[in-house]
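The residues making up each chain are set out below.
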Amino acid sequence: KESVLTKLLLFDRSVTPTADNSPLDVSDADLLNLIAVIEFPAASYVALNDNSVCHVEPDIPIKLVDAGTDLFGLLATYGTPTYTAVNDLIVKLIVRT
């Protein structure tokens, strides 16, 4: 039941992840492949009985280079959430073509 600012960084190719539960530290080389950042603002969450949900519909054009079909992401939370496991946070991404 955490409702903190969360950002999803999207890349058009494989990216080296930061270790779980560590501050996000994207390499300079990986940043060259960043194509979008989707924010989930804390105020957009709905607190339920034992969890929270957030739905955003960003109007961000995402273009994969070289006719690619793969999309990679890194997820970062801000503030002081107290997730107890690395799979406590789930993101569902729907891509329309």
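Below is a short write-up of the structure.

Here is what the cut-offs are and how they apply
- Residues numbered from 1 in each chain as written.
- Predicted model: local features only at pLDDT ≥ 70, side-chain atom pairs only at ≥ 80, totals over all residues.
- Heavy atoms only, no water.
- Helix = DSSP H or I, 4+ residues; strand = E, 2+ residues; numbered from the N terminus.
- Contact = heavy atoms within 4.5 Å.
- Pairing = 2+ DSSP bridges.
- Axes fitted to C-alpha atoms, helices over the stretch in contact; angles between N-to-C directions.

### Focus: the environment of Asp70
So, point 1. Secondary-structure assignment places Asp70 in the loop between strand E4 (52–54) and strand E5 (72–77).
So, point 2. Each C-alpha atom, one on Asp70 and one on Thr84, is 30 Å from the other, the two residues being 14 residues apart in sequence.
So, point 3. The residues contacting Asp70, other than those within four sequence positions of it, are Phe11, Asp12 and Leu64.

### Remarks on the sheet that holds strand E2 (residues 34–40)
So, point 1. Taken in spatial order, the three strands line up as E2-E1-E5 in an open sheet, and their pairing is antiparallel. Two strands lie at the open edges of the sheet, namely E2 and E5, each paired on one side alone. Across this sheet, the average inter-strand angle for adjacent strands is 20°, counted without regard to direction.
So, point 2. Bridge analysis of strand E1 (residues 6–11) against E5 gives six bridges, and the strand direction is antiparallel. Bridged to Lys7 within E5 is Ala76.

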